Amino acid sequence: MNCRHCGSALEHTFLDLGFAPPSNSYLDESDLSRPEQYYPLKVLVCTHCWLVQTEDHASREEFFSSDYAYFSSTSSSWLAHAKDYAAAMTKRLGLDQDSFVIEVASNDGYLLRNFVAAGIPCLGIEPTDSTADAAENLGIPVLREFFGESLGGELADEGRQADLIAGNNVYAHVPDINDFTRGLKAALKPTGTITLEFPHLMRMLEFTQFDTVYHEHYSYLSLYTVQRIFEQAGLRVFDVEELSTHGGSLRVFGCHREDPRATSDAVADLLAEETARGLQALATYAEFQSRAEQVKDALLDFLSTQKQEGKSVVAYGAAAKGNTLLNYAGVRPDLLPFVCDAAAAKQGKFMPGSHIPIVKPDTLRDSRPDIVLVLPWNIAAEVAEQHAYVREWGGRFAIAVPTLKVF
Ligand SMILES: [Zn+2]
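This report concerns the structure included in the present document.

Topic: the sheet that holds strand S16 (residues 396–399)
Step number 1: Strand order across the open sheet formed by six strands is S14-S13-S12-S15-S16-S17, with mixed pairing between neighbours. One side of each edge strand has no neighbouring strand; the edge strands of this open sheet are strand S14 (358–359) and strand S17 (405–406).
Step number 2: Looking at chain direction, S16 and S17 are connected through two bridges and run antiparallel. Its bridge partner lying in S17, Ala398 is registered against Val406.
Step number 3: Across the sheet, helix H11 (residues 288–308) is in contact with strand S12 (313–316), strand S15 (371–374) and S17; its angle to S15 comes to roughly 160 degrees.

Here we look at the coordination of the zinc ion
Step number 1: At this site the zinc ion is bound by Cys3 (SG), Cys6 (SG), Cys46 (SG) and Cys49 (SG), with donor distances of 2.3 Å.
Step number 2: Around the zinc ion, the four donor atoms are arranged such that angles at the metal cover 101 to 116 degrees; this shape is classified as tetrahedral.
Step number 3: For the zinc ion, all donor residues lie on one chain, and their spacing in sequence is C-x2-C-x39-C-x2-C. Remark: Cys46 occurs in the loop between strand S2 (39–45) and strand S3 (52–54) and Cys6 occurs in the segment before strand S1 (12–20); sequence separation between them is 40 residues.

Looking at the pairing of strand S7 (residues 162–168)
Step number 1: When you tally the buried positions in S7, you get seven out of seven residues, the bulk of the element.
Step number 2: For strand S4 (residues 101–104) and S7, the ladder comprises three bridges, and the chain directions are parallel. For Val101, the partnering residue across the bridge sits in S7 and is Leu164.
Step number 3: Both S7 and strand S8 (residues 188–199) contribute to a ladder of six bridges, which runs parallel.

Overview of the packing of helix H5 (residues 149–157) against helix H6 (residues 177–187)
Axes are the key here: two packed helices are described by the angle between their axes and the distance separating the axes.
Step number 1: Contact geometry of H5 with H6 gives a least axis separation of 7 Å together with a crossing angle of 5 degrees. What the angle tells us is that H5 and H6 run roughly parallel. The residues of H6 that touch H5, namely those facing Glu149, Gly152, Gly153, Leu155 and Ala156, are Asp179, Arg182, Gly183, Ala186 and Ala187.
Step number 2: Its residues assigned to classes, the contact of H5 with H6 shows four nonpolar, three polar and three charged.

Quick notes on the sheet that holds strand S5 (residues 122–125)
Step number 1: The mixed open sheet is built from seven strands, whose spatial order is S6-S5-S4-S7-S8-S11-S10. Two strands lie at the open edges of the sheet, namely strand S6 (142–143) and strand S10 (235–243), each paired on one side alone.
Step number 2: The sheet contact formed by S10 and strand S11 (residues 249–256) spans eight bridges and is antiparallel. Bridge pairing links Val237 to Gly254 in S11.
Step number 3: Lying on the sheet, helix H2 (residues 76–93) is in contact with S7, S8, S10 and S11; it crosses S8 at an angle near 155 degrees.

Description of helix H9 (residues 265–276)
Step number 1: Across its 12 residues, H9 extends 17 Å between first and last C-alpha, which sits within 8% of the 16 Å expected from 1.5 Å per residue.
Step number 2: By the burial criterion, the buried members of H9 are Val267, Leu270, Leu271 and Glu274. Seen from one end, H9 has its buried residues packed into an arc of 105 degrees, which puts them on one side. Exposed residues pointing more than 90 degrees away from the buried face of H9 are listed as Asp265, Asp269 and Ala276.
Step number 3: For H9, the secondary structure elements touched by its buried residues are helix H7 (201–206), helix H8 (223–232), S10 and S11.
Step number 4: You can read the cap of H9 off the contacts: a side-chain oxygen lies 2.9 Å from the backbone nitrogen of Ala266, and it is on Ser264.
Step number 5: Directly beyond the C-terminal end of H9, a positive phi value near 85 degrees is found at Gly278.

Here we look at the side chain of Thr212
Step number 1: Summarising the element assignment, Thr212 is placed in the loop between H7 and strand S9 (219–220).
Step number 2: Only 2.8 Å separates the side chain of Thr212 from the backbone oxygen of Gln209, close enough to count as a polar contact.
Step number 3: Filtering out sequence-adjacent residues up to four positions away, Thr212 remains in contact with Met204, His217, Tyr220, Lys321 and Trp377.

Rules of the game
- Residues numbered from 1 in each chain as written.
- Predicted model: local features only at pLDDT ≥ 70, side-chain atom pairs only at ≥ 80, totals over all residues.
- Heavy atoms only, no water.
- Pairing = 2+ DSSP bridges.
- Helix = DSSP H or I, 4+ residues; strand = E, 2+ residues; numbered from the N terminus.
- Contact = heavy atoms within 4.5 Å.
- Axes fitted to C-alpha atoms, helices over the stretch in contact; angles between N-to-C directions.
- Donors = N, O, S within 2.8 Å, 3.2 Å for Na, K, Ca; no water.
- Tetrahedral: all angles 85-135°; square planar, octahedral: opposite > 155°, others 65-115°.
- Buried < 20%, exposed > 50% of the residue type's maximum accessible area, 1.4 Å probe, protein only.
- Parallel < 35°, antiparallel > 145°, perpendicular 65-115°, else oblique.
- Nonpolar A, V, L, I, M, F, W, Y, C, P; charged D, E, K, R; others polar.
- Expected span 1.5 Å × (residues − 1).
- Arc of directions from axis to C-beta.
- Polar contact = N/O pair within 3.5 Å; in protein donor to acceptor, adjacent residues only side chain to side chain.

Structural data, given as structure tokens:
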């Protein structure tokens, strides 16, 4: 296989998590008696441009089905993050009723609703019908397509280039990152701004976030590599911010290469930090596998010890990273009888691979577990606060990544 950005031969495995079904293929009860499709879950690193990337397998259509169950608006902290972003960008760029905002992967309208409320014209691009329906119900126009160079060109031809193109947690999920970036270039006004948010590879390495790996998550990005991809497409990264979302994300700001805006010192500073932390050195990537194995071993040890001691452990959060962790560790309902999730679309379904049933959060009150293992560790504090009543019967919370912790 060749690198999806620079085309160099990929010779180094960064992480091998065995075989797993697509993380977002939640199962109905009737699916449980049928065979499930498993794909190798392997991540490679390019030693030329340092793009960390999953091995190619199935088509993206298979991973993004129309009943794709992830609705961004389910998380209250994510909604607040989106609202803050909209206010900050409106101020920084001076957006008003004559501006035009495009969001790629607009999901259920969790972000663009803020621009609609402010009277700023906007357009969502979202291939998933279930979430696009929800956005349209909020009054947000949605184009139901995958974004890339071709769609970007069509928007430009129709005179619909944007002052702001936002992409939150989409850049790492596109199979053809070069084509997607050329699409951003095409759909951007000469004076326009692009912002992209994605989990930062530097934090993934630092905090052993191996469970953020799943098939639909094609790229694991550093500022160094994103800057190279932007440059090749005729764009320039002119600013960057570090965010706490998803365990440590970046928000990069892009413009056309010839845009007169100065490049902020934050770009050079962060590039220097990435280099100092070894992001362009193969040795940094070589030791990650054994750290992932240690997390897996500690989790299995913990779950079996609790079981032997007669303690009950249940899970919270049927997120993609939970599926990666549970499938890699081989955890099944004998160790975790159910997982609670606030998303109505997931309740009544089963986790892919592990076949652990997904139930309403209320189930915690009835079953009074000793330990609630929060699978999406990035929202563990929010979950523990919302379900503080678990402590009334002496229950506690736990996370497995970066190291097993009970709190
Ligand atoms: Zn490469």
